[in-house]
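# Observations on chain architecture
Chain by chain, the residues run as shown.
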Amino acid sequence: MDYAEREGIAAAILRDAGQGDDEPVRLARLVIAHLGSRATEYLLGLRHDAELTHIHDEWRIRVRHCLPLERRIFAIAHELAEWWLRVRECYAADDVEDVANYIAAAIVAPARAFQRAVVALGHDLPALSDAFRVTETCAALRLGEVLHVPLAVITPRCVRVRGPEAWVWPDEETLRQWAQGRWVPRLRRTKLTDSQGRIVLNAQDVN
């Protein structure tokens, strides 16, 4: 499933609940519109941030109690996206979790709303994350997805690249070396505050 299809699904999730993509999402209303007023439950002891369950012909999103706001918002959006993929789209490919992650980001930071925010705030990741109540990692990835900024987000667990398909990044090991400051070739290198060791390499200004 390509990026345009993922953005289209996020827009459909918003549109079917009477919300547009030109303003920050009203997530509680979105979940109620699709899954009902009892869909979200907060529980202690969940292994993951959230999980999607089917109980007595009703879909529920169980959320781990006391999650930080940004993680809670994204976790709920992820499970809603996964419900749509599995139930409405009958999507069962191996990458369903990754696709749901992308759609969740497009739900909480809708494309046109994000474009407007960038006009007002520029590429200020802390300001963008505050505007949409998302992590700086999510804001950085949306820069690549919505505005086609060539960038790479490097974390201890994975490397994610965004931006124009024509832009070719080197292998993961090279990106990790650049993220550690070992000869970064005309890239803007930014430390993220989400957790230790997260770096964005932004190649937008490279000629």
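Residues numbered from 1 in each chain as written. Predicted model: local features only at pLDDT ≥ 70, side-chain atom pairs only at ≥ 80, totals over all residues. Heavy atoms only, no water.

## What about the overall build of the protein?
- A tally of helices and strands in the protein yields eight helices and seven strands.
- Taken over the C-alpha trace, the protein has a radius of gyration of 17 Å; the compact-globule value for 207 residues is 17 Å, and the two agree within 12%.
- In terms of overall dimensions, the protein has C-alpha extents of about 55 × 35 × 30 Å along its principal axes.
- Looking at the protein as a whole, 43% of its 207 residues qualify as buried.
- Accessible surface for the protein amounts to roughly 11100 Å². Of this, 49% is attributable to carbon and sulfur atoms.
- Averaged over its 27 positive side-chain charges, the protein has a centre that lies 5 Å from the centre of its 30 negative ones. (Helix = DSSP H or I, 4+ residues; strand = E, 2+ residues; numbered from the N terminus. Rg over C-alpha atoms; globule rule 2.2 N^0.38 Å. Buried < 20%, exposed > 50% of the residue type's maximum accessible area, 1.4 Å probe, protein only. Areas by Shrake-Rupley, 256 points an atom, 1.4 Å probe, with all protein chains shown as cover. Lys, Arg positive; Asp, Glu negative; His and termini not counted. Charge placed at Lys NZ, Arg CZ, Asp CG, Glu CD.)

## Considerations on the sheet that holds strand 6 (residues 188–191)
- The four strands lie next to each other as 5-4-7-6, forming an open sheet whose pairing is antiparallel. Both edges of this open sheet fall to strand 5 (159–162) and strand 6, since each of them pairs with a single strand only. The mean angle between the axes of side-by-side strands here comes to 15 degrees, regardless of whether they run parallel or antiparallel.
- Note: strand 4 (residues 151–154) against strand 5, four bridges, orientation antiparallel. (Pairing = 2+ DSSP bridges. Axes fitted to C-alpha atoms, helices over the stretch in contact; angles between N-to-C directions.)

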